[in-house]
Number of protein chains: 2
Amino acid sequence: MPCKTLLAGTIAAPFRSELKEEIAKSGIAPLLVGFLANEDPAARKYAEWTAKTCEETGVRFELRECPRERLEEKVVEANEDPKVNGIMVYYPVFGDRQDQYLQNVVSTSKDVEGLTHKYVYNMYHNIRYLDEAESRKCIVPCTPLACIKVLEHLSVYNAVLPYGNRLHGRTIVIVNRSEVVGRPLAALLANDGARVLSVDVNDVKEFHRGPGISLSRHEVTETDYQLADVLPLADVIITGVPSPSFKIRTEALKDGVVAVNFSTAKNFNDDIKSRASLYVPSVGKVTVAMLQRNLLRLYAYQQEESSSKA
Amino acid sequence: MPCKTLLAGTIAAPFRSELKEEIAKSGIAPLLVGFLANEDPAARKYAEWTAKTCEETGVRFELRECPRERLEEKVVEANEDPKVNGIMVYYPVFGDRQDQYLQNVVSTSKDVEGLTHKYVYNMYHNIRYLDEAESRKCIVPCTPLACIKVLEHLSVYNAVLPYGNRLHGRTIVIVNRSEVVGRPLAALLANDGARVLSVDVNDVKEFHRGPGISLSRHEVTETDYQLADVLPLADVIITGVPSPSFKIRTEALKDGVVAVNFSTAKNFNDDIKSRASLYVPSVGKVTVAMLQRNLLRLYAYQQEESSSKA
């Protein structure tokens, strides 16, 4: 088997060390508050695991539970509490547009998940900094950011190319176009120069910056493709289908493909190793590292903000 | 223009510094002898340039001219002269099979161009060391080796993959299948895991290690392709057509392609920069660095040899 399998723990390790070191060095104890307002046992488990991981690096994590009708006021309280540095909510809460409303209730300065409108807008428009001096980077949602870090670790990002264009020449298929992961991920990778073929149950859309990556940000084009058409085109395939029965047909992929799965279900068959050059079966641990990285970034912005007011 | 153009001088620089340092540190003065037995003004010019470049790094270069009928005896003399550390011949001399005979007259221990049978055999069979202990690497012909170093510099070789498989997943088109560059280059890149489509005036041959790079060395398969068919497949295109009128049709190439030209003629049109992500217009300076690198390697082997005899 020529394939090299890389575990999320290995990829997350340098980020975790860096976080730990930074926290220890500066003697801070940033507080992340997670709100659980649903009955989803998976969300609770994920919250417990987040708490444990945070503790190891020196981040304080506090899980606050409440009925969903009280969630908005609880979030507002946390927004106003200077002791709270980061806020996250376990979605779905209402499972409809009200969740999108709730995402925007979180203060931008505490939004570790990058789900408030400002961050989402900047991400889709390839605006990478909050300020003109380019000192404050925008917050990017944790799972898409984790996928980017995975692709950087695998050298799919070519560091020889200029920053912002490092995926030029790569064709990347993403099977998932959810609002929380698949669509932002497609936009981010296309903004970095890739030709992205974004697949969901309805269709395949192409996210790209045009011939010679001439556009400053991606645009989206409809295609007549189906999943089977795009699999052989993929230099990289990224999957996130939350179903144990969904599997990518290994034989349809190009020899030497890079395969990444961010779903909790295994979207690749075991024989993927006979075809892929690099395989990353899950990204969860990188996601949690990114959550903490976003928290530290926001913490620094908050300090700058309060010292500039003082 | 998103394309980054990389000059051979830039890519050669770290190799040249390394050579210079190594020579200065060990206080040696290796002697390379070049034999000119033809009337080709280009060969003379190349020889003069080699002399100049060698002088800068501390390698002594001596050009010896003779009628081609006397070349064989002159080479044998140099083989037997312990003061000579490396030998090269400017081909073509007779321009037929006799040149291949002459290549094998050069002593393997002084063959800086890697053209003697042992090196050629090992290269085609993916045998990378001269000894079982894997302490002595084989000598690889200078221009193919230069192309490899160029691709390493461009991160086309993915260092995340295991040594020997670092081109797995790349499709590389080479337009040139000469015995001195195109064919050995196709073999070397396929041995490193690439799918190579090797083009000459007659046909397109595929050099590959089979599905899942399952073979330990490359094999060659006939195809029905023509040049126009393979251009859109190339992640990397490498050209070496010694004709000023031959040009690759830019529009036929994939957006973000990596383009490398080793011919002295310009095989790409100027608009290549509107299509490629990385463009290397020539490799000559890297080739001369590799020549000196091979010389130093042979010099070290010769020292080991003579000290083990002593």
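Residues numbered from 1 in each chain as written. Chains lettered and ligands numbered in written order. Predicted model: local features only at pLDDT ≥ 70, side-chain atom pairs only at ≥ 80, totals over all residues. Heavy atoms only, no water.

Moving on, we get to the interface of chain B and chain A. Accessible area lost upon the coming together of the parts serves often as the stated size of an interface. Across the contact, 27 residues belong to chain B and 27 residues belong to chain A. For the pair chain B and chain A, the summed buried area comes to about 1,900 Å², and 51% of that belongs to carbon and sulfur atoms. Its largest share of buried area at the contact with chain A, chain B owes to Pro 2, Val 160 and His 168 of chain B, together 28% of the area lost on that side. Connecting chain B to chain A are 10 residue pairs in polar contact (both at pLDDT 80 or more). Class assignment for the residues of the side of chain B that touches chain A results in 10 nonpolar, 11 polar and 6 charged. (Contact = heavy atoms within 4.5 Å. Buried area = accessible area lost by both parts, 1.4 Å probe. Polar contact = N/O pair within 3.5 Å; in protein donor to acceptor, adjacent residues only side chain to side chain. Nonpolar A, V, L, I, M, F, W, Y, C, P; charged D, E, K, R; others polar.)

This brings us to the domain arrangement of chain A. Residues and elements named next belong to chain A. You can read the domains of chain A as domain 1 (27-136 + 286-299) and domain 2 (143-283). Domain 1 and domain 2 are separated by 26 Å when their C-alpha centres are compared. For the pair domain 1 and domain 2, the two sides together bury roughly 1,300 Å², of which 56% comes from carbon and sulfur. Viewed at the interface, domain 2 and domain 1 are joined by 1 salt bridge. Asp 192 is the partner of Arg 128 in a salt bridge, and the nearest nitrogen-oxygen pair spans 2.7 Å. Between the two partners, domain 1 and domain 2, sit 7 residue pairs in polar contact (both at pLDDT 80 or more). Within the residue set of the side of domain 1 that touches domain 2, elements represented by two or more residues are helix H5 (117-124) and helix H9 (284-309). Looking at which element gives the most residues to the side of domain 1 that touches domain 2, the answer is H9, with 5 residues. (Domains from an automatic or database assignment. Salt bridge = Lys/Arg side-chain N within 4 Å of Asp/Glu carboxyl O. Helix = DSSP H or I, 4+ residues; strand = E, 2+ residues; numbered from the N terminus.)

The two copies are related by a screw motion: chain B maps onto chain A through a turn of 180° and a shift of 0.0 Å along the axis, at an RMSD of 0.0 Å. Each copy turns onto its partner about a two-fold axis. The C-alpha atom lying nearest the rotation axis in chain B is that of Ser 155 of chain B; the distance is 4.1 Å. A symmetric contact is evident, with 100% of the interface residues of chain B recurring at the interface of chain A. (Least-squares fit on C-alpha atoms with pLDDT ≥ 70 in both.)

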